[in-house]
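If you want the building blocks of each chain, they are given just below.
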Amino acid sequence: MSQRAFEGMIKGSTVLPQRIQPHMHTGMARRTVLLQLLLLIVHGSFVPVSAQVCSLLGQPAQPLLSAERDINIGAIFSIHRNALLKMHNYISKPEPITCLSLSLREFKFAQTLIFAIEEINNSTQLLPGIYLGYKIYDSCRSIAQTIISGIALMNGYEATLTDMSCSRPPAVHAIVGESTSSPTIGLASVVGPFSLPVISHFATCACLSNRKRYPSFFRTISSDYYQSRALAQLVKHFGWTWVGTVRSRNDYGNNGILAFEEAAKEEGVCIEYSEAILSNDPQEQFLKTLEVIKKGTTRVVVAFIALGDFFPLLKVISQHNITGLQWVGSESWITSRTLAETKEYSFLSGAVGFAIANAKIMGLREFLVNVHPEQDKKNELFKEFWETAFQCSFKNNGSGGCTGSERLAEMQNEYTDVSELRIVNKVYTAVYAVAYTLHNVLKYITSSANSSKGVWPTPQMVLKCMRDVRFTVKTGEEIFFDESGDPVARYDLVNWQPAEDGSLQFEHVGLYDSSVTSEQRLQVNLEHILWTEESGQLPVSVCSKSCPSGTRKAVQKGRPVCCYDCIPCADGEISNGTDSSDCFPCDLEYWSNESKDRCVLKLVEFLSYSEIMGIVLCIFSFMGVLLTAMVSFLFYLHKETSIVRANNSELSFLLLFSLSLCFLCSLTFIGRPTEWSCMLRHTTFGITFVLCISCVLGKTIVVLMAFKATLPGSNVMKWFGPLQQRLSVVSLTIIQVIICVLWLAISPPFPYMNLSYYREKIILECNLGSALGFWAVLGYTGLLSTLCFLLAFLARKLPDNFNEAKFITFSMLIFCAVWLTFIPAYVSSPGKFTVAVQIFAILASSFGLLLCIFAPKCYIILLKPELNTKKQIMRK
């Protein structure tokens with residue numbers, strides 16, 4: 001707060017010798033106007049406000065412990081655990097509330113507050129010359145009693161003759177308390193409009209961070225918002241995705257579990273059941289909760305529950321011998337020495353949870369053990385404490401009676417134990433927060449221009465200055481508040497481990513710090529954790545077992561997302577981690593392996609020389625070449641014979657050469673397609689076959705012309721002599737060459753990876769580039785074949801001894817049949833079988849031509865040489 005703002009507050013205050021008039025709120029101003037109107041009616045004239053007299057109505061609440069000094073601090077603790085319920089008839093005045101069952105822990109809180117105040121009063125550095133007093137009230141864990149105590153701390157609890165004005169300031173400058181959230185909410189709601197600071201040591205409900213509803217609330221303990229998120233991260237860290245929850249049915253439990261469920265959902269943790277209880281619930285409610293826990297399939301229970309509400313549930317669990325559960329606790333009970341030392345609750349062994357950081361307060365034990373009933377004989381509280389601590393009674397003079405000579409220093413209980421001062425330290429810190437704030441307020445006042453006028457601090461000044469207070473306590477912890485009045489959240493991770501005497505001890509196994517990055521907030525030392533007695537190992541709590549890699553999770557209908565079935569990934573998809581929600585498709589060139597956990601390169605398929613089909617086709621191709629070579633050699637040896645010379649031996653040799661090329665061109669279709677092989681295979685196929693068909697066509701025309709030349713007066717042969725035959729073959733072949741050149745120039749074939757035909761493999765093939773070019777080459781070849789077939793068919797009835805056209809007809813019939821069958825087979829065959837069909841068509845048609853045309857001639861040359869004469873050839 002700036003100096004100017006603070007000076008403005010000081011100037012707006014009325015100077016009093018020991019106290020200052022509080023700020024007049026709108027509600028107070030309204031009440032003042034109403035009071036003046038009332039006085040006008042009664043007296044007939046206005047009465048100044050300063051002359052108005054206010055008196056307390058009814059019997060105000062009295063503090064259990066008090067010592068008034070210069071500046072007083074109020075405190076409210078649940079020194080008694082329960083309040084005796086009484087039915088009110090609303091006719092007579094209600095009797096004062098009766099509280100039962102003294103709590104050693106809460107009494108320890110009250111004594112710690114007194115210890116801190118005396119330590120400050122003895123300090124020369126903090127508030128020098130100023131002595132703090134205290135007024136400690138007992139709420140008996142009752143919201144109504146807490147509010148009554150808060151009103152008493154604002155109004156005072158006695159009417160003084162010196163100051164009966166209605167503008168008296170509150171009796172205290174700040175209130176420390178309460179120990180639970182619901183009473184604190186009631187307290188903060190009542191005193192907040194009057195700007196009286198409330199600083200709690202143990203109220204952790206995240207709802208109290210709402211500055212609009214609770215403008216004067218602060219706390220030295222962390223908000224449950226951080227604890228709930230820390231618990232969710234802890235559960236996820238251990239791999240527990242299926243948990244049950246038990247909570248107090250109040251603001252602490254309801255808000256805490258609500259925040260936990262939201263954080264757990266973000267972490268992927270599911271809640272199987274959520275039970276709510278209170279300490280004053282009937283036994284049937286605890287048995288119902290027990291039955292839910294027994295029927296649950298989860299092995300982990302998150303208990304976000306107040307210590308007082310937890311006791312009756314644990315008693316029921318112990319009676320029914322329920323073991324094997326992993327308990328995860330909130331700060332309310334996870335460091336309770338009473339629970340840990342009760343052997344009936346040994347099933348809590350292995351419990352983990354977050355606790356407030358532990359601390360050591362020098363001199364506190366000596367102060368605690370010095371408490372004695374003789375300190376204040378009139379105060380029955382000390383006697384009740386003594387009877388509770390030593391389990392005796394002052395009313396009993398015999399065995400079991402209290403003598404007052406018992407020594408607290410020799411006792412070991414929750415009150416005298418200073419090994420666990422986690423919450424006690426927050427009480428200690430709260431007192432110091434008020435003291436440092438008052439110190440800063442007084443420092444501002446003494447340094448201002450009004451210091452000589454005796455201005456005294458007001459609760460409003462304390463509230464404004466507390467928002468900016470920052471100090472370091474003797475324990476080394478730096479204390480400051482954020483804009484919501486919360487400190488930095490730091491927790492110790494505690495594990496309950498068995499001790500030698502059969503009790504349980506708290507082992508520090510990690511921490512949580514909200515001031516660092518989210519990845520570093522939770523730190524766990526797994527090696528030091530001891531789990532439940534039965535297993536001794538990290539428990540497993542999941543609705544469904546983890547889905548291995550290669551599968552995905554499919555949520556079961558009507559159940560939480562943590563309950564799922566493991567579905568194998570589809571072909572071509574993988575999941576390379578456990579509990580994958582989806583399977584991811586592989587890239588186009590990759591495919592899933594058998595276990596569906598890795599993408600591997602797809603199998604590239606093409607007709608290779610190493611596979612059986614390729615080897616067989618190669619063998620037939622070489623057989624064709626060899627057979628053609630043998631025929632050529634045979635014809636060469638008998639080139640002077642009549643049957644070789646009869647039908648233009650030059651065309652016969654050219655035909656045999658072209659057939660050899662046809663057999664060889666089939667080899668270009670085998671092997672890995674490349675840019676050159678794709679262009680070569682189609683063009684060589686088209687040119688060699690046209691060359692072959694051109695030769696056959698020339699031979700067919702020679703047969704027809706030869707027959708016409710035998711007619712009287714015919715000179716046809718001079719128009720189709722050897723030169724014309726050569727020119728016709730060359731001309732017809734050049735046309736095909738031109739088609740191929742145009743095809744290669746415009747859109748040549750190229751290697752292509754076909755990814756669409758098969759999902760699991762790549763077909764490496766030759767893309768035609770231009771389909772028009774391919775079908776033009778094939779169509780031109782088919783046209784010459786059809787023409788050749790028709791001419792040979794017309795010459796089929798020539799005399800037998802001179803009829804080569806009959807064999808050409810058969811060869812062309814086979815050729816055309818093969819290629820007509822090729823078209824649908826080529827279109828429908830998948831992958832490498834497309835290439836195999838094309839090679840088969842080339843080999844079949846080539847063998848058809850070779851055998852049909854040359855086999856009869858070879859038969860005569862080798863087996864019927866007597867027919868290989870000119871006389872036999874010319875005989876009709």
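Heads up: the structure comes first, above all this text.
In this text the structure is predicted, and so the values were computed from the model without any measurement.

What follows is about the packing of aromatic side chains. The geometry of two aromatic rings is summed up by the distance between their centres and the angle between their planes. Tallied over the full model, the rule gives 31 aromatic pairs. On the numbers, 4.4 Å between centres and 15° between planes, the contact of F107 with F385 is stacked. Of this pair, F107 sits in helix α3 (residues 104-121) while F385 sits in helix α12 (residues 380-390), and the two are 278 residues apart along the sequence. When its relative accessible area of 0% is taken as the criterion, F385 is described as buried. Seen in terms of ring centroids, F354 and Y512 are 6.0 Å apart; in terms of plane orientation they differ by 65°. Their pairing is edge-to-face.

Taken together, the three strands give an open sheet; going across it, the order is β25-β27-β26, and neighbouring strands pair in mixed fashion. Each having just a single partner strand, β25 (603-605) and β26 (750-754) make up the two edges of the open sheet. Each adjacent strand pair in this sheet contributes to an overall mean axis angle of 30°, direction not counted. Where β25 meets strand β27 (residues 761-767), three bridges bridge the pair, whose relative direction is parallel. What sits directly across from E605, in β27, is I763.

Moving on to the state of the cysteines. Here the structure, examined in full by the defined rule, presents nine disulfides. Paired by a disulfide, C392 and C402 hold their sulfur atoms 1.7 Å apart. Between C392 and C402, the S-S dihedral sits near 100°, and the bridge is therefore right-handed. Residue C392 is located in the loop between α12 and α13 (422-447), and its partner C402 is located in the loop between α12 and α13; the two are separated by ten residues in the primary sequence. This pair shows no difference in class: C392 is buried, exactly as C402 is. In this model C547 forms its disulfide with C566; the gap between the sulfur atoms is 2.0 Å. Taking the torsion about the sulfur-sulfur bond, which here is approximately -95°, the covalent link between C547 and C566 counts as left-handed. On the criterion of sequence distance, the pair formed by C547 in the loop between β18 (522-524) and β19 (551-555) and C566 in strand β20 (residues 564-568) is long-range, its members being 19 residues apart. Residue classification places C566 among the partly exposed positions, given a relative accessible area of 33%.

On to unusual backbone geometry, then. For the bond running from G177 to E178, omega is -5°, close enough to zero to count as cis. Take E178: it is sitting in the loop between β6 (175-176) and α5 (181-191). In the Ramachandran plot, L127 falls in the positive-phi region, its phi being about 50° despite a non-glycine side chain. With respect to the secondary-structure elements, L127 resides in the loop between α3 and β5 (132-138).

Quick notes on the rules
- Residues numbered from 1 in each chain as written.
- Predicted model: local features only at pLDDT ≥ 70, side-chain atom pairs only at ≥ 80, totals over all residues.
- Heavy atoms only, no water.
- Phe/Tyr/Trp six-rings, centres within 6.5 Å; stacked < 30°, edge-to-face > 60°.
- Helix = DSSP H or I, 4+ residues; strand = E, 2+ residues; numbered from the N terminus.
- Buried < 20%, exposed > 50% of the residue type's maximum accessible area, 1.4 Å probe, protein only.
- Pairing = 2+ DSSP bridges.
- Axes fitted to C-alpha atoms, helices over the stretch in contact; angles between N-to-C directions.
- Disulfide = S-S within 2.5 Å.

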